Amino acid sequence: MRVLGLLAIAACSSPAAAQPAPPAKTVHPVAMDGPYKTLAAACQHARPCGGTDMDEKGNVSHRPKTPTCDAVTDRTHDINAGEAKLEHAVGGDEIRLGGVKCAEPDGLRYTHSEYSVYVHRKDGWWRTAAPVFAVDYNDKYCDVTQATRWNDQPGRTFLGIAATQECVACMKQADSTETLEMMLRVEPDGTKPVVFGPLAVGERVTQTPNSDIDKDVDCKKVKRVVSLDEKWSGADDLVLAGPATWQAPEMEDGLIVIAITQTDAASSAGSYHFAR
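This structure is a prediction, so every number in the text was calculated from the model and none was measured.

**Section: the environment of Lys-220**
Topologically, Lys-220 is positioned in the loop between strand 15 (194-209) and strand 16 (222-227). Measuring from C-alpha to C-alpha, the distance between Lys-220 and Pro-209 comes to 7.1 Å, with 11 residues separating the pair along the chain. Leave out the neighbours within four places in its chain, and Lys-220 touches Gln-207 and Pro-209.

**Details of the side chain of His-112**
Structurally, His-112 can be placed in strand 9 (residues 110-121). Among the residues examined, His-112 registers a relative accessible area of 9% and is labelled buried. Leave out the neighbours within four places in its chain, and His-112 touches Val-100, Lys-101, Cys-102, Glu-104, Ala-134, Val-135, Asp-136 and Glu-252.

**Section: the pattern of salt bridges**
Counted by the stated rule, this structure contains 13 salt bridges. Close ionic contact of Arg-96 with Glu-87 constitutes a salt bridge, the shortest N to O distance being 3.7 Å. In this structure Arg-96 comes out as buried when scored by relative accessible area, which is 12%. Here Lys-220 and Asp-218 are joined by a salt bridge, their closest N and O atoms 3.4 Å apart. Neither Lys-220 nor Asp-218 differs from the other in exposure class; each is exposed. Sharing partners across several salt bridges, the network here consists of Arg-185, Glu-187, Asp-236 and Arg-276.

**Focus: the side chain of Arg-96**
Relative to the assigned elements, Arg-96 resides in strand 8 (residues 93-101). With residues near it in sequence (within four places) discarded, Arg-96 still touches Leu-39, Val-72, Thr-73, Leu-86, Glu-87, Ser-116, Val-117, Tyr-118 and Trp-125.

**Remarks on the sheet that holds strand 17 (residues 229-234)**
The four strands lie next to each other as 3-21-18-17, forming an open sheet whose pairing is mixed. Each edge of the sheet is formed by a strand with only one pairing partner; in this case those strands are strand 3 (25-27) and strand 17. Each adjacent strand pair in this sheet contributes to an overall mean axis angle of 30°, direction not counted. Pairing between strand 17 and strand 18 (residues 237-241): five bridges, direction antiparallel. Bridging from a neighbouring strand, Gly-234 pairs with Asp-237 of strand 18.

Calculation notes
- Residues numbered from 1 in each chain as written.
- Predicted model: local features only at pLDDT ≥ 70, side-chain atom pairs only at ≥ 80, totals over all residues.
- Heavy atoms only, no water.
- Helix = DSSP H or I, 4+ residues; strand = E, 2+ residues; numbered from the N terminus.
- Contact = heavy atoms within 4.5 Å.
- Buried < 20%, exposed > 50% of the residue type's maximum accessible area, 1.4 Å probe, protein only.
- Salt bridge = Lys/Arg side-chain N within 4 Å of Asp/Glu carboxyl O.
- Pairing = 2+ DSSP bridges.
- Axes fitted to C-alpha atoms, helices over the stretch in contact; angles between N-to-C directions.

Here it is in structure tokens:
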């Protein structure tokens, strides 16, 4: 894990004095659903998403009654997975990241999936009761890929995700990439699995105009990286250190979507306490 300490110093007429650290933000686990006998059954009880019709205001209707679970039960059906390792064995358990494919109206070039964490134990398959993040993009002009890193610690496993959306930009005369880095924490044991997350820990944005771009197109070269370093003072106490602001990750109905907005916002820098 990345390590960094953050020190705040106040300037005044007397000798500099350390400022008291702000109270740690409490991170609570998400709700879990289960257990189910099979992975397919756990997914089939997830919420369906999307719809097959849309009104003039862009509101989706005709919601499906059951979720589409192909990409959950077989990661080769997940077009957003890339080379990511979505399954991880720890002890006799398995942790899996799985995306339900959302329904879309015919003729629209959009891909929308909602990802949940699945945990398999002796008592069966558990799933986060709600999705933990989503992808939603025009698949004619964009693509999403993911990279994952699993890190086992005593009694807990961390899943690092770097999810990248690549698009054409500037009237199709440039390429852009937006990468959101997230951390999830999973504790398989106990009365039921415990899942914390996701916590955004970094973002990378680039925009590269074509060499022969039209001079009338306003398109700037962009390269921005914000990376928050992690320091653990105990098993449940984390400090994320780095810039206090960044451009906010995109949100949709309270769910993180893999894209970066152009809106300045507070970053995830600060102290966290994981509580159960």
